[in-house]
Amino acid sequence: MKYANIREEEVKNKVGQDFFGDFDTTKILGNIDFCVTPKNKNPKQTKLFDDINLLWAEAKTGDYDVISMFAQLILTIGKARTFDKTLPPAFLGAFDGKKIAFIPYNAVLDIFSLNDFNWNVTSSNQNTKEFSIIRERVQKSLDKNDYLYDFLKDEKELKFFIKNNLAKATESGKILINKNNFVPIYLRWVEQVKPYIDFNWEDGKKQNILDNNFFLADLFVDDKGTPVIEDDTPISENLFVVFKNGHYEIAKENLKSLFNATIPFKDKKPYEQFWKKYKRPPLEEFQNYILERKDLLVPQDIRERKGAFFTPRIWVELSQKYIADVLGEDWQEEYYVWDCAAGTGNLLAGLTNKYHIFASTLDQSDVNAMHERIENGALLLHDYVFQFDFLNDEFLPKSKGGKLPDDLYNIITDEEKRKKLVVYINPPYAESGSTKKRDAKVGVNESMIHKRIFNKLSSYSKRELFAQFLARIYIEIPNCKIANFSTLKNLQSSYFSDFREIFRAKLAKIFLAPADTFDNVKGKFPIGFFVWDSNINEKFHEIIADVYEKDGEESIERKRIFSYEEGKYINDWLRPTWNNIINKIGFLACNGNDFQNQNGIFIQTNKNNSTSTYFKPIGIENLIQSTIYFAVRHCIEATWLNDRDQFLFPNDGWKTDAEFQNDCLAFTLFSNNIQSQFGTNHWIPFTELEVNARSKFESNFMTDFINGKVKIENQNVDLFSQQETLSEFETLKGLSTKLQFSEEAKLVFDAGKNLWKYYHSQPNVNVNASLYDIREHFQGRNEKGKMNNKSDDETYMKLISELRSALKILAKKIEPKVYEYGFLKE
């Protein structure tokens, strides 16, 4: 063994010195162990050489399994999507103290494009399905390409390989285009060149003229922009667009009449600057490969829109158990299954009756991947796996020029057979915006199904792709069973009330899982798995769902889910109090009615430093209601499970519960975001004497209010337009009475007083400081301007901890009243 009994860092240094001395091995790229780049001999080309990679490698000590090293490296690259940030190398490598191995990057290129491969697994965990898939691919590549060298026995051959392979990545200071890098170069082209081409992309899409056709046209010219492909060659037949005389032209005769003869640039400089960096055309040995794999030329955001959402194995297995719970243990023998958003078939793993399984997907590359899986033993039939755009293609059999297998078409069109069809899907969760500027996902509003149901759904619900899938299934494949993953919007959102009127399948069973366990899904909210029977007409109102944590373990907690059809929301309750405010003491941000908007609920001195949509005044007239609102919204922690729960218009019980009102006031006083720099701080909960302040406060409003010394000025205010009035509020038409606080609230005041007194004992303090100001004083801010989480002052840390503990106790006291008075449903 050449490098025995030394640490990993030393192995990397030794290998770099002994075999890669002609290159730069100092580059650090994420979690990749070892990077090889060209040595930069021209300082003017620093930017260029930053983007050239020759080798990415995994390093270990001792004598390690080569295949496992490669698998770990590939998982590391895929998880970080390193290839989106920098161009990939010609080779991937793996070495330890004894040996080194190489595989061409293009041997694993398509793994990084799979729609439903889970890149969130731990890269070093060799027991995952993903690790096994990559091991198998690496083994095939090594069997095909004998690139394994012993440092001692094969030293001469290794150095020859490095010299004659890695060194040939550039030519005349330009990056060569090859199998490994044509996809990331295309992604850069989409950002830097496409916006400056004067072409109607929407019209082009209708004729299947896409941006990748223009990119290919760019590839097949030389550095002067002169075409290098003859018009009558086989390669030319694959080009829909060509680049000639400084502009683009449509190459296909049958399409030329539909577009301008020449397609110019809005500005040609970005094009010229872009292609200064890359050597065109690709080497001849790569040209056919690039044309054959142009299906890979799809921007990542479009891949995600089309359904790039990996379904974790634990939820796949659990979903099939839930289907069996509803349809019976023998359901696979009795029912047919169609996954019409299949990706590469991840959701179908575990199903055993291949003669009853159909799988379709939008991308032909995913169909190819499933066909390859079939060759390796996947339980699917080749002819039952097909390309189909579920939101645009019509239900027509292949025998009549359509895309559906005849067997599936016969099931869909037979009333009795449809009852034995399970449409089993994890559809994309894409949503379009309401304007062109705000569109979240291009193309969502353009589907045939979107237009077909345009007049039936609200502007919000029809923007959701998963809703379009469900709508088409329910309307055009009636009486089937539907088993799908999705968010809970279709059950809970007020924007989906019209969807619930149309989609009236019976929800038989549901479980919930955390959204962030799904690939490409971010955020803390629940994703549900639903089993519907569309043969039973039943509008959804509520259901009890089973709850599972990230590890797949069932929670003790079960979750009742409501449709929220029958009542108004908490903002409707508060809205009447925003009128007739005379003297404003602050402003309340009240975004949304659910837990996901909890961070958008805060109180500030004035509204000029906020972008909140609902930023409403607080005065003596609505102080109690505003602090109830604030406390109710914050006393219960927002979690992934309650994220979509709606806060509602309460019953009248709160009106006569003075202790509840005062608890909410106390909670709010020590939880708000008031900052004295933006205006007078009316929210100081103590007098100057109580905290040993060195001068008088600008405002004693809050302590005057607490002690019954505040008089309402507007004698005609009618807070709720109701005959019965809260006795507490009746007193506001004269002097208020002194407020009486619960023991839990008193603990909060006591803890707060100790903190305020300690603050006012410091030199040069702001006498009008709020709680926020006090925290900022002791905790300071980091270099990015964000307030630090902790302080070096131990006394402060003790006092703020005691205040937070007291607030948690008070929050627990308030919580039952939130449900009792109907602010939330249990």
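Residues numbered from 1 in each chain as written. Predicted model: local features only at pLDDT ≥ 70, side-chain atom pairs only at ≥ 80, totals over all residues. Heavy atoms only, no water.

Colleague: Please clarify how the packing of helix 30 (residues 771–779) against helix 31 (residues 794–820) should be interpreted in this entry.
Modeller: Their axes nearest at 11 Å, the elements helix 30 and helix 31 cross at an angle of 145°. In this structure, the crossing between helix 30 and helix 31 has a hand that is left-handed. Touching L771, I774, R775, F778 and Q779 of helix 30 are Y796, I800, L803 and R804, all from helix 31. Of the residues belonging to the contact of helix 30 with helix 31, the class tally is 6 nonpolar, 1 polar and 2 charged. (Axes fitted to C-alpha atoms, helices over the stretch in contact; angles between N-to-C directions. Helix = DSSP H or I, 4+ residues; strand = E, 2+ residues; numbered from the N terminus. Left-handed = near helix turned anticlockwise from the far one by under 90°. Contact = heavy atoms within 4.5 Å. Nonpolar A, V, L, I, M, F, W, Y, C, P; charged D, E, K, R; others polar.)

Colleague: Looking at this model, I keep getting lost on the packing of helix 3 (residues 66–80) against helix 5 (residues 129–144). Mind explaining?
Modeller: When two helices pack together, their arrangement is given by the angle between the helix axes and by the axis-to-axis distance. Relative to each other, helix 3 and helix 5 sit at 120°, their axes nearing to 9 Å. Classified by the angle between their axes, helix 3 and helix 5 sit oblique to one another. The way helix 3 lies across helix 5 gives a crossing that is right-handed. Contact with helix 3, carried on its side by V66, I67, S68, F70, A71, Q72, I74 and L75, involves E130, F131, I134, R135, V138, Q139 and L142 of helix 5 and no other residues of that element. Across the contact of helix 3 with helix 5, the residue classes break down as 10 nonpolar, 3 polar and 2 charged. (Parallel < 35°, antiparallel > 145°, perpendicular 65-115°, else oblique.)

Colleague: Honestly, helix 31 in this entry has me stumped. Any pointers?
Modeller: Note that an α-helix has 3.6 residues per turn; residues three or four places apart therefore point the same way. Here helix 31 spans 40 Å end to end across 27 residues, near enough to the 39 Å set by a 1.5 Å rise per residue. Considered for burial, the residues of helix 31 that qualify are Y796, L799, I800, L803, A806, L807, L810, A811, I814 and V818. Here the buried face of helix 31 lies against helix 24 (623–634), helix 25 (658–669), helix 29 (743–760) and helix 30. A distance of 3.0 Å separates the backbone nitrogen of T795 from a side-chain oxygen at the start of helix 31, and that oxygen is part of D793. Immediately downstream of helix 31, the backbone of G822 shows phi near 80°, a positive value. (Expected span 1.5 Å × (residues − 1). Buried < 20%, exposed > 50% of the residue type's maximum accessible area, 1.4 Å probe, protein only. Polar contact = N/O pair within 3.5 Å; in protein donor to acceptor, adjacent residues only side chain to side chain.)

Colleague: Help me understand the sheet that holds strand 23 (residues 615–618) in this model?
Modeller: Sheets are built from strands paired through backbone hydrogen bonds, the pairs being either parallel or antiparallel. Across the sheet, which stays open at both edges, the 3 strands sit in the order 22-21-23 with antiparallel pairing between neighbours. Strands at the two margins of the open sheet, each flanked by one partner only, are strand 22 (601–604) and strand 23. Direction aside, neighbouring strands of the sheet carry axes that sit 25° apart on average. Against the sheet, helix 24 contacts strand 21 (586–590), strand 22 and strand 23, and its axis sits at roughly 140° relative to strand 22. (Pairing = 2+ DSSP bridges.)

Colleague: Quick question: what am I supposed to make of the sheet that holds strand 1 (residues 23–24) here?
Modeller: The strand order across the open sheet formed by 6 strands is 1-2-3-4-5-6, and the pairing between neighbours is mixed. Sheet topology places strand 1 and strand 6 (148–150) at the edges, where each strand pairs with a single neighbour. Two strands pair when backbone bridges link them, and strand 2 (residues 34–38) and strand 3 (residues 55–59) are joined in this way by 3 bridges, in the antiparallel orientation. Note on strand 3: the bridge partner recorded for F34 is A57.

Colleague: So what exactly am I meant to see when it comes to the pattern of salt bridges here?
Modeller: When the charged atoms of two side chains with opposite charge come close together, those side chains can pair. By the definition in use, this model includes 37 salt bridges. Between D393 and K403 there is a salt bridge whose closest N-O contact spans 2.8 Å. Here D393, found in the loop between strand 14 (385–387) and helix 17 (406–412), pairs with K403, found in the loop between strand 14 and helix 17; they are 10 residues apart in sequence, far enough to count as distant. Overall, the relative accessible area of 32% leaves K403 in the partly exposed class. (Salt bridge = Lys/Arg side-chain N within 4 Å of Asp/Glu carboxyl O.)

Colleague: Is there a simple way to explain the confidence of the model for the protein in this structure?
Modeller: A low pLDDT score tells you not to read the predicted coordinates there in detail. Chain-level statistics for the protein give a pLDDT mean of 84 and a share of 85% at 70 or above. Between residues 43–49, whose pLDDT stays under 50, and residues either more than four places distant or in other chains, the model counts 10 contacts. Every residue in residues 433–444 is under pLDDT 50, and counting partners more than four places away or in other chains gives 27 contacts. (pLDDT = per-residue confidence, 0-100.)

Colleague: Sorry, what's going on with the pairing of strand 22 here?
Modeller: Two faces belong to every sheet, and in a regular strand the side chains alternate between them. Covered by surrounding structure in strand 22 are I601 and I603 together with F602 and Q604, the residues of both alternating faces. Bridge count between strand 21 and strand 22: 4 bridges; the pairing is antiparallel. Opposite L588, over in strand 22, you have I603 as the bridge partner.

Colleague: Can you walk me through the layout of surface pockets in this structure?
Modeller: Rolled over the atoms, a probe with the dimensions of a water molecule shows which regions are left empty. Considered as a void within the structure, the second largest pocket measures approximately 1,300 Å³ in volume. Lining the second largest pocket are 41 residues, with Q598, H634, C635, I636 and E637 sitting closest to its centre. Taken together, the elements giving at least two residues each to the lining of the second largest pocket come down to strand 20 (554–562), strand 22, helix 24, helix 30 and helix 31. It is helix 31 that contributes the most residues to the lining of the second largest pocket, 9 residues altogether. For the lining of the second largest pocket, a count of residues per class yields 20 nonpolar, 8 polar and 13 charged. (1 Å grid on protein atoms, 1.4 Å probe; cavity = no way out; pocket = protein on both sides within 12 Å on 5 of 7 lines; lining within 4 Å. Points joined across faces, edges and corners; volume = space filled by probe spheres on them.)

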